[in-house]
Amino acid sequence: MADLPHHVFRRPGLPPLWTSETLYFDGDEYYAELIRDIDKAQALITVEMYIFEADPLGERVFQSLERAAQRGVQVYLLLDGVGSHRFIQALQNRDYHANIRVKVYNPHPWSFSYAHLSDVFRAGQLFLKRLLGVNRRNHRKIITVDERTAYTGSFNVTIDHSKEHRQDEAWHDIGLKLTGWIAPLFVLSLMKSWGMAAFFRYRRRMPKKRFIRFNHPDLRLNQDFRLRRALYKDFLRRLKRSKKRIWLSTGYFQPKRRIIRLLKLAAQRGVDVRILLSTKSDVFYYALLQTYYHHELVRAGVKIYEFDPTVIHAKNYFIDEWVTVGSTNLNYRSFMHDLEVDIRIQHPDNKKLLQENFLGQQAASRAVTQAMLDARPWWLKLFCRFVFLFRYWN
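Residues numbered from 1 in each chain as written. Predicted model: local features only at pLDDT ≥ 70, side-chain atom pairs only at ≥ 80, totals over all residues. Heavy atoms only, no water.

(A) Region of interest: a positive patch on the surface. Taken together, the side chains of Arg-229, Lys-233, Lys-240, Arg-241, Lys-243, Arg-258, Arg-261 and Arg-269 define a basic patch exposed on the protein surface. Where the positive patch is concerned, the elements lending two or more residues are helix H9 (225-241) and helix H10 (257-268). Broken down by element, the residue count for the positive patch peaks at four residues, all from H9. Residue position: Lys-240 is located in helix H9. Judged by its relative accessible area of 60%, Lys-240 is exposed. (Patch = residues over 30% accessible without salt bridge, like charges linked within 9 Å, V, L, I, M, F, W, Y side chains within 5 Å. Areas by Shrake-Rupley, 256 points an atom, 1.4 Å probe, with all protein chains shown as cover. Salt bridge = Lys/Arg side-chain N within 4 Å of Asp/Glu carboxyl O. Lys, Arg positive; Asp, Glu negative; His and termini not counted. Charge placed at Lys NZ, Arg CZ, Asp CG, Glu CD. Helix = DSSP H or I, 4+ residues; strand = E, 2+ residues; numbered from the N terminus. Buried < 20%, exposed > 50% of the residue type's maximum accessible area, 1.4 Å probe, protein only.)

Dropping the structure here:
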């Protein structure tokens, strides 16, 4: 556990929300530490997760939650209705401890029964409501333990991130363990999605400190439309004012046109702009879709690198000395639809580790050139243009 240096707390403005900050690049180490903390929990555990998979790792984590519930710990499990639908369906046929409360964020319209609704009209209304909301997902990966410790980053609960199960094909991700006031703020965030009664009940018992708030400068939590808009504008402003570097590593690259324009302008004024992407993806067409802007970016001087060994699922952004890790991708989904969370890295040593990780992956990648792009077959370019039409949902 890396305690933050004292000078971070003496900075102008609001103090940090956490006192210690630990990075994880290995999924097995991340999950092992998480389960150790769950096994020591005494009062409250919250899990807000996009993908909680019905696989050996998901079972291992859920068993640790059951052990905690048997000790009297209250467990809140908020799972996304699309990302976790297999695990949610498995839970419907499973008896688990009463101290574990499960709620589904925007249930998948085809994955849940409507048999309990005797009125056909009401069942139709519910199906239509779920169908219209299917594009709004909870993409966060947050776990808190006893309102003191928080885990976040890009690790879902699935063996895809585990070298023990996937060996060299394990996805590349970045996780964070934080201790401090960030944990109760994450609990409050979960309660807001859980229900307004739970939100106000928990907020009344939270410590009254002015810096514990959703719009803290070190926390990027798009809790509502106002915050979502403010965070997007802040990101654009940082791109526009960048002076030395813009390094972007993301699993899904299909940003809005304005971001593309700012990246090109930054490269043209001498900023070191690098984009690190993967040639592999869990979405079969995404590796092709994210090449749509490659031509104009490369012509403008942006350096694009393609990583081939496995999936890069991490979301790690450097804009000068501003460094973030979290769940936000550079695509329409993250900026317009999904609930996301990102952390502004505070510890200087962690910034160095992230930079070394980025450069190491870049060294194992190939640089995209204009000649490579020109050599692509016509039908591939045509298909890329076709899938680009659906960018709003990606």
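(B) Structural view of the packing of aromatic side chains. Following the criterion strictly, the structure yields 24 aromatic pairs and no others. With 5.2 Å between their ring centres and 70° between their planes, Phe-199 and Phe-200 make a pair best called edge-to-face. According to the relative accessible area criterion, Phe-200 is partly exposed, its value standing at 35%. On the numbers, 5.2 Å between centres and 90° between planes, the contact of Tyr-292 with Tyr-293 is edge-to-face. Taking relative accessible area as the criterion, Tyr-292 reaches 23% and is therefore assigned partly exposed. Taken together, Tyr-24, Tyr-30, Tyr-31, Tyr-151 and Phe-155 form an aromatic cluster joined through their ring pairs. One cation-aromatic arrangement involves Arg-245 over Trp-247; the distance from NZ or CZ to the ring centre is 4.9 Å. (Phe/Tyr/Trp six-rings, centres within 6.5 Å; stacked < 30°, edge-to-face > 60°. Lys NZ or Arg CZ within 6 Å of the ring centre and 35° of its normal.)

(C) Spatial organisation of the sheet that holds strand E1 (residues 18-24). Reading across the sheet, the seven strands line up as E1-E7-E6-E5-E2-E3-E4 and stay open at both edges, with mixed pairing between neighbours. This sheet does not close on itself; its edge strands, each paired only once, are E1 and strand E4 (100-105). Across the sheet, the mean angle from the axis of one strand to that of its neighbour is 15°, orientation sign disregarded. Looking at chain direction, E1 and strand E7 (residues 175-180) are connected through six bridges and run antiparallel. Directly across from Thr-22, in E7, lies its bridge partner Lys-177. (Pairing = 2+ DSSP bridges. Axes fitted to C-alpha atoms, helices over the stretch in contact; angles between N-to-C directions.)

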